[in-house]
Structure formats: structure tokens, C-alpha cells
Amino acid sequence: MSFKCGIVGLPNVGKSTLFNALTNSSKAQAANFPFCTIDPNVGVVPVPDERLSKLSKISNSKKVINTTISFVDIAGLVKGASKGEGLGNKFLSHIREVDAVIHMIRCFDSDDIQNVNPDVNPVRDLEIIETEMMLADLESIQKRLEKNNKKNVDEEQLKILEIALDCINNDKDISVLKTQFDTKQLNQSGLLSIKPKIYVCNVDEQSVQNGNKYTNDFIEKFGKENTLIVSADIENQINELAAEEKENYKIVQLLRQQAKYILILKKALYELKLFLMKIL
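Notes on the structure follow. Just so we're clear, the structure is a prediction, and the values are computed from it rather than from any experiment.

### A closer look at the nonpolar core
Ranked by size, the top nonpolar core spans 32 residues in total, and within it Leu18, Phe71, Ile95 and Ile102 carry the most contacts. Those elements that provide at least two residues to this core are β1 (4-8), α1 (15-23), β3 (68-73), α3 (88-96), β4 (100-106), α4 (122-144) and β5 (197-202). Among residues more than four places away in sequence, those in contact with Ile95 are Val8, Ile74, Val101, Met133, Leu192 and Lys195. One finds Leu138, Leu165, Phe181 and Ile194 within the second-largest nonpolar core, a separate group that totals 17 residues.

### Focus: the sheet that holds β1
Here we have six strands laid out as an open sheet, ordered β2-β3-β1-β4-β5-β6, and mixed in their pairing. On the outer flanks of this sheet lie β2 (41-46) and β6 (227-230), each paired with one strand and no other. Within this sheet the neighbouring strands show an average axis-to-axis angle of 25°, counted without direction. Note: β1 against β3, four bridges, orientation parallel.

### So, unusual backbone geometry
Of note in this structure, Asn12 is not a glycine but carries a positive phi near 65°. With respect to the helices and strands, Asn12 occurs in the loop between β1 and α1. Although it is not a glycine, Asp171 sits at a positive phi angle of roughly 55°. Mapped onto the elements of the fold, Asp171 is located in the loop between α6 (155-169) and α7 (183-189). Using a relative accessible area of 72% as the deciding quantity, one classes Asp171 as exposed.

### A closer look at the packing of α4 against helix α8 (residues 213-222)
Between α4 and α8, the shortest axis-to-axis distance is 8 Å and the interhelical angle comes to 50°. On the basis of the axis angle, α4 is oblique to α8. Taken together, the residues of α8 that come into contact with α4 (itself represented by Pro122, Val123, Leu126 and Glu127) are Tyr214, Asp217, Phe218, Lys221 and Phe222. Of the residues contributing to the contact of α4 with α8, the split by class is six nonpolar, no polar and three charged.

### Concerning the pattern of salt bridges
Scanning all chains against the criterion turns up seven salt bridges. A salt bridge links Lys172 to Asp166, with the shortest nitrogen-to-oxygen separation between them at 2.7 Å. Residue classification places Lys172 among the partly exposed positions, given a relative accessible area of 45%.

### Comments concerning α6
Over its 15 residues, α6 runs 21 Å from end to end, which matches the ideal 21 Å to within 8%, given 1.5 Å per residue. Those residues of α6 that are buried are in contact with α4, α5 (147-150) and α7. Two or three places before Glu156, at the start of α6, stands the capping residue Asp154, its side-chain oxygen 3.2 Å from that residue's backbone nitrogen. Phi for Asp171, located one or two positions after α6, is positive at around 55°.

### Side note on the state of the cysteines
Working definition of a disulfide: a covalent bond connecting the sulfur atoms of two cysteines. Counting across every chain of the model gives zero disulfides. Unpaired in terms of disulfides, Cys107 finds its nearest cysteine sulfur in Cys201, a separation of 3.9 Å.

### Digging into the pairing of β2
Alternating residues of β2 divide into Asn41, Gly43 and Val45, all buried, and Val42, Val44 and Pro46, none buried. Note: β2 against β3, six bridges, orientation antiparallel. Across the sheet, the residue bridging to Val45 is Ile69, located in β3.

### Digging into the environment of Ala136
Note that Ala136 resides in helix α4. Overall, the relative accessible area of 6% leaves Ala136 in the buried class. Once the C-alpha coordinates of Ala136 and Ser193 are considered, the two residues, 57 residues apart in sequence, prove to be 9.1 Å apart.

### Here's the deal with the packing of aromatic side chains
Counted under the stated rule, the structure contains three aromatic pairs. Their ring planes at 50° and their centres at 5.8 Å tell us that Tyr199 and Phe222 sit as a pair that is tilted. One end of the pair, Tyr199, is in strand β5; the other, Phe222, is in helix α8, with 23 residues separating them in the sequence. Since its relative accessible area comes to 9%, Tyr199 is described here as buried. Between Phe218 and Phe222 the ring centres are 4.8 Å apart and the planes differ by 40°, which places this aromatic pair in the tilted class. Linking Phe218 with Phe222, this pair stays in helix α8, spanning four residues, or about one helical turn.

Reading guide: rules and limits
- Residues numbered from 1 in each chain as written.
- Predicted model: local features only at pLDDT ≥ 70, side-chain atom pairs only at ≥ 80, totals over all residues.
- Heavy atoms only, no water.
- Core = buried A, V, L, I, M, F, W, Y, C linked by side-chain atoms within 4.5 Å.
- Buried < 20%, exposed > 50% of the residue type's maximum accessible area, 1.4 Å probe, protein only.
- Helix = DSSP H or I, 4+ residues; strand = E, 2+ residues; numbered from the N terminus.
- Contact = heavy atoms within 4.5 Å.
- Pairing = 2+ DSSP bridges.
- Axes fitted to C-alpha atoms, helices over the stretch in contact; angles between N-to-C directions.
- Parallel < 35°, antiparallel > 145°, perpendicular 65-115°, else oblique.
- Nonpolar A, V, L, I, M, F, W, Y, C, P; charged D, E, K, R; others polar.
- Salt bridge = Lys/Arg side-chain N within 4 Å of Asp/Glu carboxyl O.
- Expected span 1.5 Å × (residues − 1).
- Polar contact = N/O pair within 3.5 Å; in protein donor to acceptor, adjacent residues only side chain to side chain.
- Disulfide = S-S within 2.5 Å.
- Phe/Tyr/Trp six-rings, centres within 6.5 Å; stacked < 30°, edge-to-face > 60°.

Take a look at the structure:
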């Protein structure tokens, strides 16, 4: 089963930098202006799994092949994307093609890196993204429930679409669908708002270990369960160093902390992949 995870967020929040860190490459251009990514970058990476090493020793395997995850660096979204603002519909169509979403959230101050909004507010930024995805779902649902198209939708999908429409129109939690339908049925609906998601708070070097006021506000609103704190820039700098330089890097403890979080992110996505495979 091919598993694709899309990295989404507002422009200039560090999506391409995280992509380069996760894929150990410099494939994605990370520049200080909005929409430096237009066409999505795709990288396939092995998932570290210490269990494989143990199994290979027991079985005397000559070769160990790790499972893989495809990461997709998707262009930045702006308010009004569902109506065509920015790269709008192109962005949203790329999200439809992935199995899970990494929401990349800006949680750092910088005079050097442009912010498309007047200030740093991670709660507002995520709400912009999720609102645009929900508005795109609303448009899709309304089209599919039109009289001419409705006859082509099976009964289970009609129920999903009608409940989703009620949730969006009445500001109800759309995740209620996950308690009423199985994952296979929900995947077939193509709704963006119910894709599995992980939140990554992108912070500066000083905030890697303990977070900052922005991550605290974000976690207070959205919880710790699916939230990771990472400095994508530091992790990307590690990738660019030669092997011997990495060993002598003056903030080696910080790098180890970063490596741990990147590993946690990859493993979390792998566990999600296993879960989806089990229920499909």
C-alpha cells in the first residue's frame, strides 16, 4: 500500500525546509518569498525501525528493506484559497491526493523571513488552513448532492456527504463521521477535512526543547496528542553538514533532540500507515 503524506501550511512557515529535512535532500527550494513552491516536491524515504535489524539477525537476512513513506511538499495556502486566491484550487487538489496531512505551523519570530500575516499566531494560521479545506469540501459536497449528480452517489456516500454538509453549515465537529463510518468509506468520500493529521510547530533554536509562548497557545487550543515541536531549519542544517562535521557540531545535544523528533514524526506516520492497512 502506497502511503503519501502532504506537508501543508501558509507560505513561509518552513514546509520546504521540513521536507528537505525529512527526505535528507535539498530537492525543495526554501526561499524567503511566498509561493516559492508551485509544483509539489515528492520524496520517498525509508522509515527507521530497530525491529528490522533484530529480525534480520535472527533470520540471517542478506538484505534489509525498510518500509517507505512518500512526503509531498505542497504549495502554501492563503486565506481565500477555496475561491482561487494564491494557488488556490491547485493547492487543494494536491491535498486530495495524499493519505495524511502534516500541518506545518509557524511558531517563531523573524525579521528575515516574511510572514503573510501581520503577526505570529499559530492558532489563527491553522484555523485559516482548516477553514479553506472545509470550504473546499462544502463546494464539493454541494456539487455532488445536486439533483443531476446525486443519482451517481451510492447510499453510504450520500449519508457521509449529508452529515458532513450539516456539520459544516452548523459549525459542528466533522470528525463525528469517524465514529459512524469506517476509514475505507471516508477515504472514498474525498473530503479534505477528515484526513488524518499531525501538527508540527516550527520553532527557533532556543525553543526546541521547551517550546515558547506560541507553542503553548497552540497546544492549549489543539492539545498535545498530535503535536510535535521541531526546528526545521536546524534539522536541515544537519543534512547539509559532512558526516565528520555532524560529530563535532557544537550543539550536538540539540541535534540529537531534533533527530529524535524527526524520528518520532516518521514513526507516527508509519504507525498511521499500519493502522490504515489493517482496517482497509
